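If you want the building blocks of each chain, they are given just below.
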Amino acid sequence: MDRTLAADLARLPDLLDATRRAAAEALATLDERAVVPPAPKPRDPEQASEPAPEPLPEQGLGTESALAAFRERWEPRLSASAGPRYLGFVTGGATPAALAGDWLTAAHDQNSNSSMDGGGQDLERETVGWLRELFGLSDAHTGTFVSGATMSNTTGLAIAREWLGERLGVSPAEDGAAALGPVRVLSGAPHSSIAKALSFLGLGRSSLVRVPTLPGREAVDPAALDRALADTPGPAVVVANAGTVNTVDFDDLSAVAALRPRHDFWLHTDAAFGAFAALSPDHAHLAVGLDASDSVCVDLHKWLNVPYDSAVQFTRRRDLQARVFQNAAAYLGPLGEHPDLVHLTPENSHRLRALAAWFTLRAYGRQGHREIVERNIAGARALGAALEEDAAFTLLAPVRLNVVCFTLADDPDPARLTALREAVSAEVFVTPTVHEGTAGLRAAFSNWRTTQADVRRAARALRTAAREIA
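From a predicted model like this one, the values you see are computed outputs, not experimental measurements.

What counts, and where the lines are drawn
Residues numbered from 1 in each chain as written. Predicted model: local features only at pLDDT ≥ 70, side-chain atom pairs only at ≥ 80, totals over all residues. Heavy atoms only, no water. Helix = DSSP H or I, 4+ residues; strand = E, 2+ residues; numbered from the N terminus. Buried < 20%, exposed > 50% of the residue type's maximum accessible area, 1.4 Å probe, protein only. Contact = heavy atoms within 4.5 Å. Core = buried A, V, L, I, M, F, W, Y, C linked by side-chain atoms within 4.5 Å. Phe/Tyr/Trp six-rings, centres within 6.5 Å; stacked < 30°, edge-to-face > 60°. Pairing = 2+ DSSP bridges. Axes fitted to C-alpha atoms, helices over the stretch in contact; angles between N-to-C directions. Salt bridge = Lys/Arg side-chain N within 4 Å of Asp/Glu carboxyl O. Parallel < 35°, antiparallel > 145°, perpendicular 65-115°, else oblique. Left-handed = near helix turned anticlockwise from the far one by under 90°. 1 Å grid on protein atoms, 1.4 Å probe; cavity = no way out; pocket = protein on both sides within 12 Å on 5 of 7 lines; lining within 4 Å. Points joined across faces, edges and corners; volume = space filled by probe spheres on them. Nonpolar A, V, L, I, M, F, W, Y, C, P; charged D, E, K, R; others polar. Polar contact = N/O pair within 3.5 Å; in protein donor to acceptor, adjacent residues only side chain to side chain.

S.K.: How should I be thinking about the overall build of the chain in this particular structure?
M.R.: Each helix and strand in the chain was counted, giving 14 helices and 11 strands. On the principal axes, the C-alpha backbone points of the chain span a range of 65 × 65 × 50 Å. Here the chain holds 470 residues, and the buried ones make up 50% of them. Considering only residue pairs separated by 6 or more positions, the chain has 72% of its internal contacts joining residues 24 or more positions apart.

S.K.: For this particular structure, what's the right way to read the nonpolar core?
M.R.: In summary, soluble globular proteins display a tendency toward joint burial of nonpolar side chains. Counting residues in hydrophobic clusters, the biggest one holds 53 residues, and the most contacted among them are Leu-131, Phe-135, Leu-225, Phe-276, Val-298, Leu-300 and Phe-314. The set of elements that each furnish at least two residues to this core consists of helix H5 (119-134), helix H9 (222-230), strand E4 (236-241), helix H10 (253-257), strand E5 (265-270), strand E6 (295-299), strand E7 (311-315) and helix H12 (354-388). When residues in this core are grouped by element, the largest group, seven residues, is from H12. Discounting residues that sit within four places of it in the chain, Val-298 has contacts with Phe-135, Ser-152, Ala-271, Ala-272, Ala-275, Phe-276, Ala-311, Val-312 and Phe-314. Listed in part, the 27 residues of the second largest apolar core include Leu-87, Leu-387, Leu-408 and Ala-461.

S.K.: Got a minute to help me understand the packing of aromatic side chains in this structure?
M.R.: How two aromatic rings sit relative to each other is given by the distance of their centres and the angle of their planes. Counted by the stated rule, this structure contains eight aromatic pairs. Plain terms: the ring middles of Trp-358 and Phe-359 are 5.6 Å apart, the flat faces sit at 70° to each other, and that makes the pair edge-to-face. Given a relative accessible area of 21%, Trp-358 falls into the partly exposed group. On the basis of relative accessibility, which here comes to 23%, the residue Phe-359 falls in the partly exposed class. Put simply, the rings of Tyr-86, Phe-89 and Phe-429 pair up and form one aromatic cluster.

S.K.: Would you mind showing me how to read the sheet that holds E5 here?
M.R.: Hydrogen bonds between backbone atoms are what pair the strands of a sheet, whose relative direction is either parallel or antiparallel. A sheet is described by the order of its strands in space; here seven strands give the open sequence E1-E7-E6-E5-E4-E2-E3, paired in mixed fashion. Looking at strand neighbours, the two that pair on one side only are strand E1 (142-146) and strand E3 (208-210), the edges of this open sheet. For this sheet the average axis-to-axis angle between neighbouring strands, irrespective of direction, equals 20°. Docked against the sheet, H5 engages E1 and E7, running at close to 110° with respect to E1.

S.K.: Even after reading the chapter, I still don't get the environment of Thr-345, so can you show me in this structure?
M.R.: Positionally, Thr-345 belongs in the loop between helix H11 (318-325) and H12. The sequence separation of Thr-345 and Leu-16 amounts to 329 residues, and the corresponding C-alpha distance is 33 Å. Look past the residues within four positions of Thr-345 in its chain and what remains in contact with it is Thr-144, Phe-145, Val-146 and Phe-325.

S.K.: Explain the sheet that holds strand E11 (residues 438-444) here, please?
M.R.: With respect to topology, four strands assemble into an open sheet ordered E8-E9-E11-E10, the strand pairing being antiparallel. A strand with exactly one partner marks an edge of an open sheet, and here the two such strands are strand E8 (393-395) and strand E10 (431-435). Averaged over all pairs of adjacent strands, the angle between their axes in this sheet comes to 45°, without regard to strand direction. In the packing of H12 onto the sheet, contacts are made with E8, strand E9 (403-408) and E11, and the angle to E9 comes to roughly 15°.

S.K.: What am I meant to see in the pairing of E1 here?
M.R.: Here is the key point about a regular strand: its side chains alternate between the two faces of the sheet. Most of E1 is tucked away, with five of its five residues classed as buried. Residues Thr-142, Thr-144 and Val-146 line one face of E1 and the alternating positions Gly-143 and Phe-145 line the opposite face, and both faces are buried. Looking at chain direction, E1 and E7 are connected through five bridges and run antiparallel. Within the sheet, the bridge partner assigned to Thr-144 lies in E7 and is Gln-313.

S.K.: Any chance you could explain the pattern of salt bridges here in plain terms?
M.R.: Opposite charge on two side chains makes pairing possible when the charged atoms of those side chains draw close. Scanning the model with the defined rule gives 30 salt bridges in all. The closest approach of N and O atoms between Arg-375 and Glu-371, which form a salt bridge, is 2.7 Å. Of this pair, Arg-375 and Glu-371 both sit in helix H12, four residues apart, roughly one helical turn. One continuous salt-bridge network, built from bridges that share partners, spans Asp-31, Arg-85, Glu-427, Asp-454 and Arg-457.

S.K.: What is the right way to look at the packing of H5 against H12 in this model?
M.R.: Any two packed helices are characterised by the angle at which their axes cross and by the distance between the axes. Their axes nearest at 9 Å, the elements H5 and H12 cross at an angle of 45°. Put simply, H5 runs oblique to H12. In this structure, H5 crosses over H12, and the sense of that crossing is left-handed. Seen from H5, the contacting residues are Leu-123, Glu-124, Glu-126, Thr-127, Trp-130, Leu-131, Glu-133 and Leu-134; seen from H12, they are Ala-354, Leu-355, Ala-357, Trp-358, Leu-361, Arg-362 and Arg-366.

S.K.: Mind showing me how you'd approach empty space enclosed by the protein here?
M.R.: Unoccupied space between atoms shows up once a probe the size of one water molecule is rolled over them. Going through the model one piece at a time under the given rule, you end up with one cavity of 30 Å³ or more. Taken as a whole, the largest cavity encloses approximately 40 Å³ of empty space. Lining of the largest cavity is provided by Asp-102, Pro-307, Tyr-308, Asp-309, Ser-310, Arg-351, Arg-353 and Ala-356.

S.K.: Would you mind going over the layout of surface pockets with me for this structure?
M.R.: Estimated volume of the largest pocket: approximately 980 Å³. Within the residue set of the lining of the largest pocket, elements represented by two or more residues are helix H2 (12-28), helix H3 (63-73) and helix H4 (96-108). Here the lining of the largest pocket takes seven residues from H2, the largest share from any one element. Taken as a whole, the second largest pocket spans an internal volume of roughly 440 Å³. Lining the second largest pocket are 23 residues, and of these Val-90, His-191, Val-245, Phe-273 and Lys-302 sit closest to its centre. In terms of residue class, the lining of the second largest pocket is made up of nine nonpolar, nine polar and five charged.

S.K.: Would you mind going over the environment of Arg-71 with me for this structure?
M.R.: Here Arg-71 is to be found in helix H3. Along the chain, Arg-71 and Glu-162 lie 91 residues apart, while their C-alpha atoms are 48 Å from each other. If we ignore the near neighbours within four places in the chain, the residues touching Arg-71 are Ala-22, Glu-25 and Pro-76. A polar side-chain atom of Arg-71 sits 3.1 Å from a polar atom in the side chain of Glu-25.

Here it is as structure tokens:
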């Protein structure tokens, strides 16, 4: 064994303790750090601001040296995305239990795809069952962990592709996507990952057909969807939204499902973070009808507050899922009635992602995660109200759940919004968007740490920056 590696093995408890101290210090200082650190300024204006890559060491100096180098060279440049005022994208943090579960995930280093080493598979199935119950899905849905919403949407649409083949008497898994002929995928306000998935699956971005939405909304117009399906020859795929990224708008899932007696379509619902509305009695009506979906996408490193990367996909047609992703090798178990996880996703290997989710669900239960969801919703409403009261801002949409979509009331051009976003980046991080042709910003609340004090701090920073820009 390499001498440095052997020395690290001998000191492993001390090294893990040093790593624990470094992690604890990073988390303890989240409130004081810049949410997005300023980029380092080069001494020479002609030089790049990024540090020059260091050469790979020929002889390593061990974990302690690597930890010290990381803390000096890279840690100061990392954003405080685990913290309470990182409101860009839709980013959760990691609850204490989820962090513990993720550390143990690495320590046990399981590839949980095979029944020959079945403990991990069983833990994942138990966790999927808890999540299914959390979101109000029936036992008809089976689920599997994947890396994120993009892979969850891709997996769901891959199953939909095979369903199209079943309706047409072919198998894209065997014969290729070309065997389907032209395909139509209908959606009102699809997330960008839908087009990416269609490209990846060989169906093509041009197969995505935008259906008109309700006036002033991102929710699909059911009547327009009815007409679009009537104009679509043969079976189709409908992608519904349970929480759009810009304004957290929800399609009427029950109304969409009610079109099935007249039209032949697979219903895939992108509920990446909107599925969590089911946890709040005041907002659960938004997710009504989710169970009618043939496949469902839910992201977990958003509102479940588990570390990246983690998501789950559900489907009613596990048989088609296994037909798409089955993998034949002597060392793999057979498909059978309960196929190994290796037969259900594009990955032949995946870490035991379910453990972090299992930990946080076991530790805090439905009630604890409901509290996080409702506190985040209250925070979004408070920030929306604060900006609406300020003449410098205008809301681009109502605050329906956990996202505030807003812009400058006077001259909201992208350059001014970029200046505003950069001016507040030490205090709060928001991301740019365009809504109905108007450039704007989004503040998305999904971190378990965020409180009303953080909302007030974010609002104050935005107000101050708006005055300076004006």
